[in-house]
Amino acid sequence: MHSPCLPPAMEPADLIWRDGVPESTRFGDVYFSRDNGLAETRYVFIGYNQLPERFQQVPDTGHFVIAETGFGTGLNFLAAWAEWLKQRPADDNAILHFVSVERFPLRLQDLEKALSYWSELSPLATELIEHYPPLIKGTHRLVLAGGRVRLTLYFGDVLDAWKDLTFTADAWFLDGFAPSLNPDMWLDDAIGLITSHSKPGTTLATFTAVGRVRRSLAEAGFEIAKVPGFGRKREMLAGIYAAGNTTNQEARTGTVAVIGAGIAGTLLARNLAERGVQVLLLDKAPHAGSAASGNPQGALYVKLGVEYNAQTELAATALSFSQRFYRPWQNRFWHPTGLLQLATDDQEADRQRRFCERNEYPDNLLEPVDAIRASELAGIPVDTGGLWFPGSGWLEPAKACQQLAEHPLIETRFSYQVVNLLPCNNQWCIRNHSGEDCRADAVIIAGGHESPALVPVAGQLRLKAIRGQVTELPEADFNLPQTVICGTKYLNPVHGGSAVTGATFDLKDETPYPTPAGHQENLDELNRILPSVTKESVPDPDQLQGRVAFRCTTHDYQPVAGHMRDTEGNHLNDLYLLTGLGSKGLVWAPLLAEYLADVISGQPHCLPAPLSKRLETGRLYRT
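Since the model is a prediction, treat every value here as computed from it, not as a measurement.

1. Some details on the overall build of the chain
Per the secondary structure count, the chain includes 16 helices and 31 strands. Sorting the 623 residues of the chain into buried and exposed places 58% on the buried side. Nonlocal contacts in the chain, meaning residues at least 24 apart in sequence, comprise 73% of its contacts between residues at least 6 apart. Of the roughly 24700 Å² of accessible surface on the chain, 47% is carried by carbon and sulfur atoms.

Here it is in structure tokens:
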């Protein structure tokens with residue numbers, strides 16, 4: 001019997017091992033051939049989709065998309081990845097996108113065991129294992145091989161995946177267990193949806209030669225043939241959609257301008273540059289990370305909802321993605337110390353109790369802890385329990401922005417205050433305060449709360465600025481934790497002789513500099529939620545250092561990322577908006593930059609439609 005999971009946890013695959021080969025207890029079938037699974041994958045999927053020669057034909061900044069109906073152990077994916085690296089120059093910018101669905105994903109330890117069988121794939125398997133997402137429902141984007149390979153892994157039902165994901169496949173791996181053992185995988189509805197993600201020249205291959213599958217594929221528009229199978233399997237199926245030559249995906253050409261060099265803008269500029277796009281990064285400040293992203297420390301933190309709805313799924317997806325994204329930057333600007341979200345009052349304690357009763361998250365994403373365990377993790381006495389996020393931590397945002405902006409394909413222009421955007425000859429003309437113009441083929445406005453002034457359409461956008469003041473606590477005067485602690489305020493570990501706490505939430509205060517009153521508010525609240533931090537002698541507020549920044553948020557407190565629309569809902573050609581990240585920008589920005597780069601470059605989207613709809617710009621207009 002299989003007990004159901006609470007959301008958002010996925011029911012993992014139950015395996016038995018026979019002679020080193022994993023077998024599904026649910027379907028009674030093996031995950032790969034007992035003879036030679038890798039050789040079978042290369043024969044069936046790599047060979048009959050003609051991938052070696054097709055990979056060579058992809059242009060330098062192009063991409064190739066493979067879609068798969070059952071991720072399983074990831075063997076097919078690793079084989080395609082290895083073939084991509086074999087056929088492509090080491091220094092090109094082309095991307096292999098692999099889109100795969102898995103209803104019963106393997107546990108991490110099972111994945112490690114299964115992939116240990118293939119020593120020649122060991123380096124790739126190790127990287128996949130390091131990035132393997134927590135087993136929660138939904139869409140997970142893994143950026144691998146320095147961005148040359150992107151895996152979009154959907155944990156859930158195959159019909160939901162093909163309805164909600166945005167991509168066009170060049171080749172299909174129709175995998176999964178035998179149709180007689182897993183009939184839902186081969187429903188006519190699923191095959192019909194496959195065609196909606198295909199184009200003339202899209203190829204497919206599958207282990208099976210079952211007549212029903214062959215007929216359904218043929219009725220859906222594929223020219224299908226029975227061909228010799230691998231090893232002892234006599235026949236398999238291979239085909240092509242709507243007969244014709246394969247066509248490569250068009251790569252974006254020209255320059256993309258990003259206005260705003262905060263965490264959102266620099267992450268997007270870097271993402272596009274690593275895909276081979278020439279980027280012009282503009283900011284009115286003298287250097288990157290000068291405004292809301294300029295604080296010396298910032299926590300990687302979200303507050304997940306009690307109900308697992310689309311809003312919560314988007315936040316959980318962003319948190320998981322950001323933790324993976326920042327990993328290569330460890331000890332440069334990323335510090336994965338873990339994070340404690342404390343139940344600092346009765347209301348929050350009740351909220352966390354209901355959260356734990358109604359949800360099930362993997363321990364590698366979060367787990368509840370009592371006050372004793374919280375104190376051990378923090379390294380200082382903590383009076384309450386809370387939620388422990390082992391993969392979170394803190395960043396140096398200003399340093400992050402500056403390092404992200406350093407790339408050969410990113411041209412920076414600082415002290416460049418944009419005052420006007422005008423369409424001209426299928427480009428955008430960007431004018432600064434001195435009357436100077438520059439041009440770009442596409443523009444992304446990522447200017448925080450100043451973004452509305454740059455949008456060249458009528459209508460008031462529901463964006464607002466909220467003042468936030470942080471306070472720096474000298475190490476000598478406070479007992480500081482070894483992990484990030486969040487409650488009504490956050491407190492970071494010590495760095496460079498002090499730790500940042502805050503921030504205030506000042507709706508109607510436009511004071512641009514720190515005030516003693518703001519420092520006192522931070523101290524008072526910190527003493528309430530974490531009294532062990534305060535020593536007997538505390539510096540006067542007017543002796544403390546700090547910083548003020550203005551967060552940008554929306555009317556519904558959800559971020560914005562997508563095509564810019566006018567009041568009638570029409571797209572403005574090649575104009576995009578990325579803003580409204582509020583106080584959680586360090587979490588939101590990596591995922592939204594990945595998503596918007598997907599949209600701009602015409603590549604498979606890392607977010608399903610129900611989540612990407614929450615980011616649309618049109619909702620900002622008053623109705």
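2. As for the environment of Leu268
The topology assignment puts Leu268 in helix α9 (residues 263-274). Given a relative accessible area of 0%, Leu268 falls into the buried group. If we skip the residues at most four places from it in the chain, Leu268 touches Ile444, Leu578, Ala593, Leu596 and Ala597.

3. Structural notes on the pattern of salt bridges
All told, the structure shown has 34 salt bridges when counted by the stated rule. A salt bridge links Arg107 to Asp110, with the shortest nitrogen-to-oxygen separation between them at 3.9 Å. When its relative accessible area of 30% is taken as the criterion, Arg107 is described as partly exposed. Given the relative accessible area of 13%, Asp110 is considered buried. For the salt bridge of Asp598 with Arg275, the shortest nitrogen-to-oxygen distance reads 2.9 Å. With a gap of 323 residues between them, Asp598 in helix α15 (residues 585-601) and Arg275 in the loop between α9 and β13 (278-282) connect regions that are remote in the sequence. Judged on exposure class, the residue Asp598 and its partner Arg275 are both buried. Through salt bridges with shared partners, a single network forms among Arg141, Arg150, Arg275, Glu594 and Asp598.

4. Brief notes about the nonpolar core
By size, the foremost hydrophobic cluster in this structure holds 75 residues, and its most contacted members are Ile263, Leu272, Leu304, Tyr326, Tyr361, Ile444 and Leu578. When near neighbours in sequence (up to four residues on either side) are disregarded, Leu272 contacts Val256, Val277, Val279, Ile444, Ala597 and Ile600. In terms of nonpolar packing, the next biggest core, distinct from the first, is built from 54 residues, Phe32, Trp84, Leu111 and Phe155 among them.

5. Some remarks on the sheet that holds strand β27 (residues 490-491)
Strand order in the open sheet formed by eight strands is β17-β18-β16-β26-β27-β28-β25-β29, with mixed pairing between adjacent strands. Of all the strands in the sheet, the pair left with one neighbour each is β17 (367-369) and β29 (545-554). Judged from the three bridges that link them, strand β16 (residues 339-342) and strand β26 (residues 484-486) form a sheet pairing that is parallel. Across the sheet, the residue bridging to Leu340 is Ile485, located in β26. Contacting β16, β17, β18 (386-389) and β26, helix α12 (residues 371-378) runs over the sheet at an angle of about 100° to β17. In this fold helix α14 (residues 516-529) packs onto β16, β25 (463-474), β27, β28 (498-502) and β29, with an angle of close to 70° to the strand it touches most, β25.

6. Remarks on helix α3 (residues 75-87)
The end-to-end C-alpha distance of α3 is 18 Å, a good match for the 18 Å that 13 residues give at a rise of 1.5 Å each. Extensive coverage of α3 is indicated by the burial of 10 of its 13 residues.

7. Section: helix α5 (residues 122-131)
Among the residues of α5, those classed as buried are Leu124, Ala125, Leu128, Ile129 and His131. In the core, the buried residues of α5 are packed alongside α3, α4 (108-115), β6 (138-144), β7 (149-155) and α10 (310-326).

8. Things to note about the side chain of Thr579
Looking at the secondary structure, you find Thr579 in strand β31 (residues 571-579). Looking at Thr579, the relative accessible area reads 3%, which means it is buried. Beyond its immediate chain neighbours, meaning those up to four positions away, Thr579 contacts Gly448, Ser451, Leu463, Cys552, Pro559 and Val560.

9. A word on the environment of Ala398
As for its placement among the helices and strands, Ala398 is situated in helix α13 (residues 397-404). A relative accessible area of 15% places Ala398 in the buried class. C-alpha of Ala398 to C-alpha of Ala261: the two residues are 137 residues apart in sequence and 10.0 Å apart in space. The contacts of Ala398, once residues within four sequence positions are left out, are Ala288, Gly289, Ser293, Gly294 and Asn295.

10. Here we look at unusual backbone geometry
Of note, the amide linkage connecting Pro7 to Pro8 takes the cis form, showing an omega dihedral of 0°. Mapping Pro8 onto the fold places it in the segment before β1 (15-18). Residues Gly502 and Ala503 are joined by a peptide bond in cis, for which omega reads -10°. Secondary-structure assignment places Ala503 in the loop between β28 and α14. Of note, Gln50 is a non-glycine position whose phi angle comes to about 50°, a positive value. Residue position: Gln50 is located in the loop between α1 (37-48) and α2 (51-57). Overall, Gln50 belongs to the partly exposed group, its relative accessible area being 32%. With a phi angle near 55°, Ala145 is a residue other than glycine that sits in the positive phi range. Residue placement: Ala145 occurs in the loop between β6 and β7.

The rules we used
- Residues numbered from 1 in each chain as written.
- Predicted model: local features only at pLDDT ≥ 70, side-chain atom pairs only at ≥ 80, totals over all residues.
- Heavy atoms only, no water.
- Helix = DSSP H or I, 4+ residues; strand = E, 2+ residues; numbered from the N terminus.
- Buried < 20%, exposed > 50% of the residue type's maximum accessible area, 1.4 Å probe, protein only.
- Contact = heavy atoms within 4.5 Å.
- Areas by Shrake-Rupley, 256 points an atom, 1.4 Å probe, with all protein chains shown as cover.
- Salt bridge = Lys/Arg side-chain N within 4 Å of Asp/Glu carboxyl O.
- Core = buried A, V, L, I, M, F, W, Y, C linked by side-chain atoms within 4.5 Å.
- Pairing = 2+ DSSP bridges.
- Axes fitted to C-alpha atoms, helices over the stretch in contact; angles between N-to-C directions.
- Expected span 1.5 Å × (residues − 1).

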